[in-house]
Amino acid sequence: MRRLLVGVIFLLSCIANVNAQQFFNLTSDDVKIDRILPCFQYSYPLGTNYSDSTYSVSVEYPEYIDMSAQDILKYKSITNDTPPQSPNVNQGLSLDRDNGFLEISFVPIVCRGGKYQKIVSFMLKIKSSAIQKTKVASFLTRSTASTSRYTSHSV
C-alpha cells in the first residue's frame, strides 16, 4: 500500500511540473522583412487545468544567419531601435471553450556583436510550475476577510 501511495505522489509531481520542448525551423518567408517586422507566433495548448500552474518560456539553442544589407535597410526604415542580443519573448494566456492556450511571440531579429542577424532555428522551452495550494488558500482567506470588513447596510 505504501509503495502505491509513493508511486501516485511521484506521478502527480511529474504531471504538475511539465516541461515541453519543441524545435522550430523558420523559412525565409517566416523571417522576411517587408513593410512590417517578422514575428514568430505559437499557441501551446494547456488544457482545462491551465490555472493551477505558472508558465515560463525561453528560446534555447538559437541558430543565426547574418542579415543582408538590404534587410538591414528595410529594418531601419521600420524602426530606429537596435534589436536585442536575444529575442524578447512575449507570452500570454488565451481561452477557447474552457481550454487554456499559452500564446508565445517574438521578433526573430537580434543584434549580436554589432551584426544584425535573423534566427532561423531554435528550441522553444516551456516550463510550468504548480501553484502552491497554501498561497491560493491564503489569498482566498484574505479576499473573503476584506469583503466582510464592510457592513452590508449603511445608515
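Quick caveat: nothing in here was measured; it's all calculated off a predicted structure. (Residues numbered from 1 in each chain as written. Predicted model: local features only at pLDDT ≥ 70, side-chain atom pairs only at ≥ 80, totals over all residues. Heavy atoms only, no water.)

## Some details on unusual backbone geometry
Despite not being glycine, Y61 shows a phi value in the positive range, around 50°. Position of Y61 relative to the elements: it lies in strand 3 (residues 53-66). Notably, R97 is not glycine yet its phi reads approximately 55°, a positive angle. Tracing the chain through its elements places R97 in the loop between strand 4 (90-96) and strand 5 (99-106). (Helix = DSSP H or I, 4+ residues; strand = E, 2+ residues; numbered from the N terminus.)

## Some thoughts on the pattern of salt bridges
Under the defined criterion, the tally for this structure stands at two salt bridges. Linking D66 and K115 is a salt bridge whose minimum nitrogen-to-oxygen distance equals 4.0 Å. In this pair, D66 is assigned in strand 3 and K115 in strand 7 (residues 115-130), connecting sequence segments 49 residues apart. (Salt bridge = Lys/Arg side-chain N within 4 Å of Asp/Glu carboxyl O.)

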